[in-house]
Amino acid sequence: MAAGPAWVSSLWALLALAALALTGPVSGEKNSEDVRCKCICPPYKEHAGDIFSKNISQKDCDCLHVVEPMPVPGPDVEAYCLRCECKYEERSSETIKITIIIYLCILGLLLLYMVYLTLVEPILKRRLFGHSQLIQSDEDIGDHQPFANAHDVLARSRSRANMLNKVEYAQQRWKLQVQEQRKSVFDRHVVLS
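Residues numbered from 1 in each chain as written. Predicted model: local features only at pLDDT ≥ 70, side-chain atom pairs only at ≥ 80, totals over all residues. Heavy atoms only, no water.

Peer 1: How would you explain the packing of aromatic side chains if you had to name every residue and give the values?
Peer 2: Applying the stated criterion across every chain, the model contains two aromatic pairs. Seen from their ring centres, Tyr44 and Tyr80 are 5.8 Å apart, and the 70 degrees between their planes marks the pair as edge-to-face. Placement of Tyr44 in the loop between β1 (35-41) and β2 (50-54) and of Tyr80 in helix α3 (residues 77-83) is noted, with a sequence separation of 36 residues between them. Here Tyr44 and Tyr80 have matching classes, each one buried. Residues Tyr113 and Tyr116 carry aromatic rings whose centres are separated by 6.3 Å and whose planes lie at 25 degrees to one another, so their mutual orientation is stacked. (Phe/Tyr/Trp six-rings, centres within 6.5 Å; stacked < 30°, edge-to-face > 60°. Helix = DSSP H or I, 4+ residues; strand = E, 2+ residues; numbered from the N terminus. Buried < 20%, exposed > 50% of the residue type's maximum accessible area, 1.4 Å probe, protein only.)

Below, the structure is given as structure tokens:
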């Protein structure tokens, strides 16, 4: 049970770090990492192909401004630059940060749900069904259904709301169907239709 608070505290720490990353310096200009001009130059004569990248404005995005040092001598520069393909690229760091934070939040919620399923749900089942019904011996695992009388137990439980009883009953009925399917597929080698 000590794992639960550790998961929660690590999730809060992760969310706090993500919030700090978002609250970086805000300016009206783009960061130098957000814009660039990228030129892909294929092999030319004895020079191998290469990729050049530089943080410059969109109007200066051409081979003459980006390719430094120029791998060919003066008379071949124009022929070399005609073969190069230059593209201006722009990205939004803020959008990337927000997307990562959303993914981390979803991952955190899934971790919390996993903690709930592993720690809290068994405790609730013990309270609802009693400790004796959850304990089974090895010889009666295949034949004995641990939730066979789930409807009777739920009907007697008046402390819970009626809707919650219906949901719990549907869940137990589904578990019984899954157990029966597993038994049919693995023991009898019969696929249910």
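Once the structure has been displayed, the description carries forward.
Peer 1: Mind laying out the pattern of salt bridges, listing which residues take part and the relevant values?
Peer 2: As enumerated under the stated definition, the model contains five salt bridges in all. Two residues, Lys45 and Asp76, come together in a salt bridge whose shortest N-O distance is 3.3 Å. Of the two residues, Lys45 sits in the loop between β1 and β2 while Asp76 sits in the loop between α2 (63-66) and α3, which places them 31 residues apart along the sequence. (Salt bridge = Lys/Arg side-chain N within 4 Å of Asp/Glu carboxyl O.)

Peer 1: Lay out the UniProt feature "transmembrane region" (unreviewed entry) in the protein chain with the relevant residues and their values.
Peer 2: When the UniProt feature table is mapped onto this chain, "transmembrane region" (unreviewed entry) is found at residues 100-119. End-to-end, the C-alpha atoms of residues 100-119 are 28 Å apart, and along that stretch the chain is 100% helix and 0% strand. (UniProt positions renumbered as here; feature names shortened; annotations may be inferred.)

Peer 1: An account of the sheet that holds β2 is needed here, citing residue identities and associated values.
Peer 2: A sheet is described by the order of its strands in space; here three strands give the open sequence β2-β1-β3, paired in antiparallel fashion. Since the sheet does not close on itself, it has two edges, and those belong to β2 and β3 (85-90), each with one partner. Adjacent strand axes in the sheet meet at a mean angle of 20 degrees when their direction is disregarded. (Pairing = 2+ DSSP bridges. Axes fitted to C-alpha atoms, helices over the stretch in contact; angles between N-to-C directions.)

Peer 1: Mind laying out a nonpolar patch on the surface, listing which residues take part and the relevant values?
Peer 2: Taken together, Ile98, Ile102, Tyr103, Ile106 and Leu110 make up a surface patch of nonpolar side chains, about 520 Å² in accessible area. Looking at where Ile102 falls in the secondary structure, it is placed in helix α4 (residues 93-129). Take Ile102: its relative accessible area is 47%, and that puts it in the partly exposed class. (Patch = residues over 30% accessible without salt bridge, like charges linked within 9 Å, V, L, I, M, F, W, Y side chains within 5 Å. Areas by Shrake-Rupley, 256 points an atom, 1.4 Å probe, with all protein chains shown as cover.)

Peer 1: I'd like a rundown of the nonpolar core, residues and numbers included.
Peer 2: Counting 15 residues, the largest nonpolar core has Cys37, Cys41, Phe52, Val66, Val67 and Tyr80 as its most contacted members. Put simply, the parts of the chain that give this core at least two residues each are β1, α2 and α3. Setting aside residues up to four positions removed in sequence, Val67 forms contacts with Cys39, Cys41, Phe52 and Tyr80. (Core = buried A, V, L, I, M, F, W, Y, C linked by side-chain atoms within 4.5 Å. Contact = heavy atoms within 4.5 Å.)

Peer 1: Describe the confidence of the model for the protein chain, with residues and values.
Peer 2: Per-residue confidence for the protein chain gives a mean pLDDT of 75, with 63% of residues at or over 70. β3 holds the highest mean pLDDT among the elements of the protein chain, 92, whereas helix α5 (residues 131-134) holds the lowest, 46. Taken as a whole, residues 131-143 scores under 50 in pLDDT and shows 12 contacts with residues more than four places along the chain or in a different chain. (pLDDT = per-residue confidence, 0-100.)

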